[in-house]
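One letter stands for each residue in the lines below.
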Amino acid sequence: MWLKLIGCCLVIIAGTLTGFSLAARYNERPKQVRQLIGCITSLGSYINYVSLPLSEALIRSAGMIEGPVRDLFQQAGSFIDTSGWRSPQEAFAEALNMLENELAIHKPEREIMLLLGANLGAVDRKEQQKHLDLAKVELEKIHQEAIIARDQNVKMYRYLGVCGGLAIAILLV
Amino acid sequence: MKSHINWEKTVYPVLAPKLAGILKEALPQVLDQAMEIRLRTGRPLLVVTSSGDVFLSANGKAAAFPQAAYICSHEDLAQTMQLISKNSLYAFEEELRMGFLTVAGGHRVGLAGQAVLAGGKIVTLKNISSMNFRLAREVYSAANTVIPYVIAQNGNIYNTLIVSPPRCGKTTLLRDLARQISNGVPCLSFGGVQVGLVDERSEIAACLDGVPTADLGPRIDVLDSCPKADGLLMLIRSMAPQVLVTDELGRQADVSALNEALHAGVSVIASVHGRDMNDIIARPYVGELIREKFFDRYIILGGKPQVGTVTQIIAAQNNEVIYNREVGVAICG
């Protein structure tokens, strides 16, 4: 009897945790997209006003935030610094792969970052700003969608987690 | 004379890995005498040394004939370009328009490729197909011959113009003059004065992140990558130097800035491209400075018998040749 009870509790807890972790990813995504937009804005300033080399500009632009987005920019920056014969796009691709599990961003955001990487460093300041602005506009759109998705899904996944756990527990009993 | 290039820190990091690997294997005597490294797409890797051209083969040995040398690929040049520009062409817009970049160590990398025009003006270069690494060497005591002619008996510095064809040691001489004036010259009882250096092409002081990597003594302020005309006036206002040093005069704005410096009571040491005085007098703007006797001393450099040979020193006031290589004097060092 006790064993059954403990088993049921564990199933319910596992279901709840799964629901909450799925919900957390929906919660995290708009936050990280917002951070990406902030970093790109700051990158624009370091490129346009201070004319910092790309590696340093990337590292500095993410200096004020915490979390995986900071790691993404800093990792890409240090890749460019240590193996400068590779393109910024490769550096971003490698950093995105490394941080795949930590980042809550989806495929469209990744594609925007890769496209931005492909256009970084190879043109003059004016052109550079155009690419940064384009990436920001695209990310803004994604940010809005991510907020709507979050509002719809966070509660749903949490309830689904708890209810799913309960349902399995009932079925097993 | 001590001359030195820090290959590990200044040259290899800005060359494509394959090219750096080849140069690392090259004979020390080739590297010691190297003046230029020339990369051309589809052409052999060439090191120009003081005793002639050396084609390098893939194992770093000197190739007997060009066909046996390592052929630089498009990728080698593209990677090198990424490395010298630190993947940040936007930070070098002006330099690209001029056709060269300066890398750590003060080495100047000349570029040739396809010019991109907008409204009749060069916007940038694309498809870079040739690169010339002009290696900068710090030569301590390069200015020993000329320094007694540049410092007046009362300890003032004469306004001096260095006239030299390209690759004859103009920048090296300017650097050592700046260093000696900033350090002081004990054998002339000269204690050293405040020196302002406008280093438009980052060649003299070889600044890295704004800090000179060349040894320039204790009394030097460097305005790095700054247009000469603006820089000279900025330094006069901000740092109150007693001597201003700059290179390669040529534009009208440079000349009016120099006039301003003279009126502010600051001595100026500058350089200009040319073979001799007749060459310079005929030039616009700079010729004007000569006709108006702005300078007190002219130092003429030549490439023979070796780079950096002082051919003549002329006192401007009475056009008297006060030093002639054939006669030859060496006072300090």
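This structure is a prediction, so every number in the text was calculated from the model and none was measured.

**Overview of the overall build of chain B**
A tally of regular secondary structure across chain B gives 11 helices and 18 strands. For a compact globule of 333 residues, the expected C-alpha radius of gyration is about 20 Å, and chain B comes in at 20 Å, within 12% of that figure. Along the three orthogonal principal directions, the C-alpha set of chain B runs to about 60 × 50 × 35 Å. Each of the 333 residues in chain B was classed as buried or not, and the buried ones make up 42%.

**Quick notes on the overall build of chain A**
In terms of helices and strands, chain A carries six helices and zero strands. Mapped in sequence order, the helices and strands of chain A form the string α-α-α-α-α-α. Relative to the globule expectation of 16 Å for 173 residues, the C-alpha radius of gyration of chain A, 21 Å, shows a markedly less compact shape. In terms of its C-alpha atoms, chain A occupies a principal-axis envelope of roughly 70 × 30 × 25 Å.

**Observations concerning helix H8 (residues 228-239) of chain B**
Residue and element names in this part refer to chain B. Taking 1.5 Å per residue, 12 residues should reach 16 Å; H8 reaches 15 Å between its end C-alpha atoms and fits that length. Close packing links the buried residues of H8 with strand E10 (195-199), strand E13 (220-224), strand E14 (243-246) and helix H9 (252-263). At the exit of H8 stands Ala240, carrying a positive phi of roughly 45°.

**Structural notes on the sheet that holds E14(B)**
All names here are of chain B. Strand order across the open sheet formed by eight strands is E13-E10-E14-E15-E9-E16-E17-E18, with mixed pairing between neighbours. Of all strands in the sheet, those bounded by a partner on one side alone are E13 and strand E18 (320-324). Geometrically, the sheet is characterised by an average inter-axis angle of 20° between neighbouring strands, direction not taken into account. Sheet topology note: the strand E9 (residues 160-164)/strand E16 (residues 297-302) ladder contains four bridges and is parallel. Paired with Val163 across the bridge in E16 is Ile300.

**Digging into the interface of chain A and chain B**
Listed per partner, the contact involves 15 residues of chain A and 13 residues of chain B. Every element with two or more residues in the side of chain A that touches chain B is listed here: helix H2 (54-61) and helix H6 (125-172) of chain A. Here the residues of the side of chain A that touches chain B sort into eight nonpolar, five polar and two charged.

**Here we look at the domain arrangement of chain B**
Residue and element names in this part refer to chain B. Considered domain by domain, chain B is made up of domain 1 (2-134) and domain 2 (138-324). Here the C-alpha centre of domain 2 lies 28 Å away from the C-alpha centre of domain 1. Across the contact, nine residues belong to domain 1 and 11 residues belong to domain 2.

**What to know about the pairing of strand E4 (residues 52-55) of chain B**
Residues and elements named next belong to chain B. Where strand E3 (residues 46-49) and E4 come together, four bridges link them in antiparallel fashion. Within the sheet, the bridge partner assigned to Leu46 lies in E4 and is Phe55. Linkage of E3 to E4, two consecutive antiparallel strands, is achieved through a turn of two residues.

**Observations concerning the sheet that holds strand E5 (residues 100-102) of chain B**
Residues and elements named next belong to chain B. Reading across the sheet, the six strands line up as E4-E3-E2-E7-E6-E5 and stay open at both edges, with antiparallel pairing between neighbours. Across the chains shown, the open sheet's two edge strands, defined by having one partner strand only, are E4 and E5. Averaged over all pairs of adjacent strands, the angle between their axes in this sheet comes to 35°, without regard to strand direction. Direction of pairing for E5 relative to strand E6 (residues 108-118): antiparallel, over a ladder of three bridges. If you follow Leu101 over to E6, its bridge partner there is Val109. Contacts from helix H4 (residues 74-84) reach strand E2 (34-40), E5, E6 and strand E7 (121-134) within the one sheet, and its direction differs from that of E7 by about 105°.

**A look at helix H7 (residues 170-183) of chain B**
All names here are of chain B. Under the 1.5 Å per step criterion, the end-to-end length of H7 is 20 Å for 14 residues, consistent within 8% with the ideal 20 Å. Across the 14 residues that make up H7, a large majority, 13, are buried. Looking one or two residues beyond H7, the residue adopting positive phi is Gly184, at roughly 95°.

**Digging into the confidence of the model for chain B**
Looking at chain B, the pLDDT average stands at 88 and 97% of residues meet or exceed 70. As scored by the predictor, the complex reaches a pTM of 0.76 and an ipTM of 0.74.

**Observations regarding the packing of helix H4 (residues 88-98) of chain A against helix H5 (residues 107-118) of chain A**
Residues and elements named next belong to chain A. Relative orientation of the contacting elements H4 and H5 amounts to 150°, with a least axis distance of 7 Å. One finds that H4 runs roughly antiparallel with respect to H5. Both H4 and H5 take part in a crossing whose hand is right-handed. Where H4 approaches H5, its residues Pro88, Gln89, Ala91, Phe92, Ala93 and Leu96 are matched on the opposing element by Arg110, Met113, Leu114, Gly117 and Ala118. Grouping the amino acids of the contact of H4 with H5 by side-chain chemistry returns eight nonpolar, two polar and one charged.

**Considerations on the nonpolar core**
Counting residues in each nonpolar core, the largest one holds 66 residues, and the members touching the most others are A:Phe73, A:Ala76 and B:Leu45. Discounting chain neighbours no more than four positions away, the residues touching B:Leu45 are B:Leu19, B:Ile22, B:Leu39, B:Phe55, B:Leu56, B:Ala69, B:Tyr70 and B:Cys72. By size, the runner-up hydrophobic cluster in this structure holds 59 residues, among which are B:Ala143, B:Leu177, B:Ala214 and B:Ala270.

Rules and cut-offs
Residues numbered from 1 in each chain as written. Chains lettered and ligands numbered in written order. Predicted model: local features only at pLDDT ≥ 70, side-chain atom pairs only at ≥ 80, totals over all residues. Helix = DSSP H or I, 4+ residues; strand = E, 2+ residues; numbered from the N terminus. Rg over C-alpha atoms; globule rule 2.2 N^0.38 Å. Buried ≥ 20, exposed ≤ 12 C-beta atoms within 10 Å, placed from the backbone. Expected span 1.5 Å × (residues − 1). Contact = placed C-beta atoms within 7 Å. Pairing = 2+ DSSP bridges. Axes fitted to C-alpha atoms, helices over the stretch in contact; angles between N-to-C directions. Nonpolar A, V, L, I, M, F, W, Y, C, P; charged D, E, K, R; others polar. Domains from an automatic or database assignment. pLDDT = per-residue confidence, 0-100. Parallel < 35°, antiparallel > 145°, perpendicular 65-115°, else oblique. Left-handed = near helix turned anticlockwise from the far one by under 90°. Core = buried A, V, L, I, M, F, W, Y, C linked by C-beta atoms within 7 Å.

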